[in-house]
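Listed below, chain by chain, are the residues.
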Amino acid sequence: MVSKHITSMKYKIINFNTPIELHNGIYVKRDDLFQPFGKHAINGGKARQAIELIRRNLKNIQKNYNNTVVTTTSVHSSTGAIVAHVCNHYKVKCVICIGGSSEKTVYNHHMMRYAHFFGGKIINVCGTGMSGPVLKRMGDYIKEHGYFDATFINNADNCPEAILDMTKEQVANIPNDLDNLIVPVGGGLQMASIIRGLTAYNKSVKRIIGCHVGPDRREKIDYFINALEYPVLPYEMHPLNTTYAKPEIQYIDSRKRIKLDDIYESKAWKWMKENIDYKNEQTLFWAVGRRLTDKEVDTNYGT
């Protein structure tokens, strides 16, 4: 299916530095404003990574992998929808492996409806949604069918130019001499890339703070910082003590026009407001990208 929402996309779009805005004394890196398919579509660092991963490997995927990629996601996450939307743009087939769901329940989740709209084939590969078993079954599926593994974690080594460098380059325009840099953390790849960027662009930050939902990703972050021999700068990890799927609603601006992602960003923003002296310390919050709301998905991509 080719969507009416797809617009022509030149390579320069994914290379521009998203802006830094100042809201109530807090600098905000608006990486959510990377919106290659428009305002009500995929956005942020994951979208940039997916575009570059498919773009760099497109001919190989077409020739050697039956023009099909496979990824995995939580039913709540934007990852599957992002990969499906990008694959639709490049006319590549997309399979999304999930766990712990069924044909009857999977489309209760609006990110799965979004992925399906753009041609994502969603398959339940095991009875649990835990990442370890799902990744194992996904690996078996890829071997069986000869498809391209498009998971970000597995391509951070294989294609760091897409998975790590694209976010690293976004560090170029952040202020120098920050007191605090706050990063919402899920899998940890964005955090690793940002730390690599701080070295690459010689940025001085007194406290680098990752706020994570779910397990601590320090081991993974350290590995991917070192993957290309960048030093591991001192950083902190703070658990947000909330469940992954429980939403939190926060806004960047006092007029409540700029809504943060309800899984990652809002929870990290709330932690920052409660624990950082942002009124007296130069603080930057990295908006990594926002999930669409269920209303946005059903309004723009409903069937």
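A quick note: this is a predicted structure, and the numbers were derived from the prediction, not measured.

Quick look at the packing of helix α1 (residues 44-64) against helix α2 (residues 79-90) now. Packed helices, taken two at a time, are described by the angle between their axes plus the distance between the axes. As a packed pair, α1 and α2 sit with axes 9 Å apart at the nearest point and diverge in direction by 40°. The angle between the axes of α1 and α2 places the two elements in the oblique class. Note on packing geometry: the crossing formed by α1 with α2 is right-handed. Side by side, α1 and α2 meet where K46, A47, A50, I51, I54, R55 and L58 of the first sit next to T79, I82, V86, C87 and Y90 of the second. Across the contact of α1 with α2, the residue classes tally to nine nonpolar, one polar and two charged.

Burial within strand β2 (residues 26-30) is extensive, with four of its five residues counted as buried. Pairing between strand β1 (residues 20-23) and β2: four bridges, direction antiparallel. Residue pairing in the sheet places E21 in a bridge with V28 of β2. Where β1 folds back on β2, the antiparallel hairpin that results is connected by two residues, among which N24 adopts a positive phi of roughly 50°. As paired elements, β2 and strand β10 (residues 283-287) share four bridges and run parallel to each other. Looking at the pairing, V28 lines up with F285 of β10.

On to helix α9 (residues 218-226), then. Looking only at α9, the buried set comprises I221, F224 and I225. For α9, the arc enclosing every buried residue in end-on projection is 105°, short of the 170-degree limit, so these residues lie on one face.

What follows covers the sheet that holds β2. Strand order across the open sheet formed by six strands is β1-β2-β10-β7-β8-β9, with mixed pairing between neighbours. For this open sheet the edge positions go to β1 and β9 (236-239), each flanked by a neighbour on one side alone. Between one strand axis and the next, the sheet turns through 25° on average, direction left out of account.

Rules and cut-offs
Residues numbered from 1 in each chain as written. Predicted model: local features only at pLDDT ≥ 70, side-chain atom pairs only at ≥ 80, totals over all residues. Heavy atoms only, no water. Axes fitted to C-alpha atoms, helices over the stretch in contact; angles between N-to-C directions. Helix = DSSP H or I, 4+ residues; strand = E, 2+ residues; numbered from the N terminus. Parallel < 35°, antiparallel > 145°, perpendicular 65-115°, else oblique. Left-handed = near helix turned anticlockwise from the far one by under 90°. Contact = heavy atoms within 4.5 Å. Nonpolar A, V, L, I, M, F, W, Y, C, P; charged D, E, K, R; others polar. Buried < 20%, exposed > 50% of the residue type's maximum accessible area, 1.4 Å probe, protein only. Pairing = 2+ DSSP bridges. Arc of directions from axis to C-beta.

Read these as spatial facts, not as claims about activity.
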